[in-house]
Amino acid sequence: MAVEDVGSGCSSSGDQEFHVLAVDDSIIDRKVIERLLKISCCKVTAVESGSRALQYLGIDGERSSLGFDDLKVNLIITDYSMPGMTGYELLKKIKGSTKLRQIPVVIMSSENILARVDRCMEEGAEDFLMKPVQLSDVERLRDFMLRGGEEREVVGHKRKTRDDSCSSSVLSCDRDHPLSPRSVSAMAHCKPLSKRPRLLATD
Amino acid sequence: MQRQLANMKQSLFDQGYLDEQFIQLEELQDDANPNFVEEVVTLYYRDSARLIQSIEQALEKSPLDFSKLECLMHQFKGSSSSIGAKRVKSECTQFKEYCRVGNSDGCKRTFQQLKKEYATLKKKVEVYFQFARQIGPVEKACRSK
């Protein structure tokens, strides 16, 4: 992707910027994901833990950092393995909150553990990305989100059901890899849209 | 000069010090963020120093707390992977394996090797970045991105 001279090289869409809340206990990974998201024309807020993320989102209904309309979070991308609260636990808390559950959550992990992937997808994760996350993953995610955003507006903020995930994932899978499954779990459940074929061959 | 830099980088890859992730990071650089990779790598060495220290301390305990060691190493492996430090990452994997089977000597041996690779990589990338910075301004003028 050719990156322009001007900061992020993003064209102004006229609409609000896509705001992503990134959660990772690693300062290095936060720096990288922040850069990946900025290049993909997203506004980024990066925090170091699940509890900080919940604070930011104002899940306890108290003083939230969000003036909800101004700083609306369009996507949460979180590391799985974090001390204190794991990404999975954060996912559960978000999906368990009436206020926040419509926000899509993507999990990142350095470990290719299918049971983990399944668990997260069943809990309502939008996708499961292998670390190190690459620009192509983020761009694909952003495109998918932006496309799905309109649908969400139309049908109201209903909780994303598995059927919804399936149909949406099939769309992107058809585009990329119509025939080959991206993972074993894809056979049984919905295909995480960003799983790369080489995933199965990695260590 | 540019070719020299390219050769330097190629050599780091050929010798297995760096992997594709390093290239991925380089692709995130632009004129507004020309030193992104150097920043990330610098951050890595600064941040991982405390992890190395924690692991060192944990390895002095007797008996070893393998669970704790594995956890610390998992973090270290993650960061190493994020910057494309291939050899370091490989030692991390080995270390975690030894933790899993409870092999103290294996852990200690591997850690010594890991520190060597970690230090060697640091020197090599420092040279690389120094060189890159020197030819940087020239490169910008000629580069057609």
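To be clear, the structure that these remarks concern was listed above.
First things first, this report covers the structure right here in the doc. Source: prediction; values computed, not measured.

Before going further, it helps to spend a moment on the pattern of salt bridges. Overall, the coordinates contain 18 salt bridges over all chains when judged by the stated rule. Residues glutamate 48 of chain A and arginine 52 of chain A are paired through a salt bridge, measuring 3.9 Å at the closest nitrogen-oxygen approach. A residue is classified by how much of its surface remains accessible, and arginine 52 of chain A, at 45% relative accessible area, is partly exposed. Between lysine 96 of chain B and glutamate 111 of chain A there is a salt bridge; the shortest N-O distance is 4.0 Å. Pair noted here: lysine 96 of chain B is in helix α5 (residues 86-101) and glutamate 111 of chain A is in the loop between β4 (105-109) and α4 (114-122), and the two residues belong to different chains. For lysine 96 of chain B, a relative accessible area of 5% corresponds to the buried category. In this structure glutamate 111 of chain A comes out as partly exposed when scored by relative accessible area, which is 22%. The structure contains a network of salt bridges with shared partners spanning Asp24, Asp29, Asp79 and Lys131 of chain A.

Before going further, it helps to examine the packing of helix α1 (residues 27-39) of chain A against helix α3 (residues 36-60) of chain B. Two elements in contact, α1 of chain A and α3 of chain B, have axes whose closest approach is 9 Å; the angle formed by their N-to-C orientations is 160 degrees. By the angle class used here, α1 of chain A and α3 of chain B are roughly antiparallel. Regarding α1 of chain A and α3 of chain B, the two cross each other, and that crossing is right-handed. Touching Ile27, Ile28, Lys31, Val32 and Arg35 of chain A of α1 of chain A are Phe36, Glu39, Val40, Leu43, Tyr44 and Asp47 of chain B, all from α3 of chain B. Of the residues belonging to the contact of α1 of chain A with α3 of chain B, the class tally is seven nonpolar, no polar and four charged.

Analysis parameters
Each chain has its residues counted from 1, running along the sequence as written. Think of it this way: whatever chain is written first is A, whatever ligand is written first is 1, and the rest follow in order. Confidence filtering applies because this is a predicted model: local features only for residues at pLDDT of at least 70, side-chain atom pairs given and counted only at 80 or more, and all residues used for totals across whole chains, interfaces and linings. Water and hydrogen atoms play no part in the side-chain values, which are based on all heavy atoms of the structure. We define a salt bridge as a contact between a side-chain nitrogen of Lys or Arg and a carboxyl oxygen of Asp or Glu at a distance within 4 Å. For the exposure calls, accessible area comes from a 1.4 Å probe over protein chains only, and a residue counts as buried if that area is under 20% of its type's maximum, exposed if over 50%, partly exposed in between. Secondary structure follows DSSP: runs of H or I at least 4 residues long count as helices, runs of E at least 2 residues long count as strands, and numbering of each begins at the N terminus. Angles shown run from 0 to 180 degrees and are taken between the N-to-C directions of axes, each axis being a line fitted to C-alpha atoms and, for helices, limited to the stretch in contact. Comment on the angle field: the value is read as roughly parallel under 35 degrees, roughly antiparallel over 145, roughly perpendicular from 65 to 115, and oblique elsewhere. Take the far helix as your reference; a near helix turned counterclockwise from it by less than a right angle gives a left-handed crossing, and one turned clockwise gives a right-handed crossing. We call two residues contacting when some pair of their heavy atoms lies within 4.5 Å. Under the convention adopted here, Pro, Cys and the residues Ala, Val, Leu, Ile, Met, Phe, Trp and Tyr are nonpolar, Asp, Glu, Lys and Arg are charged, and Gly plus all remaining residues are polar.

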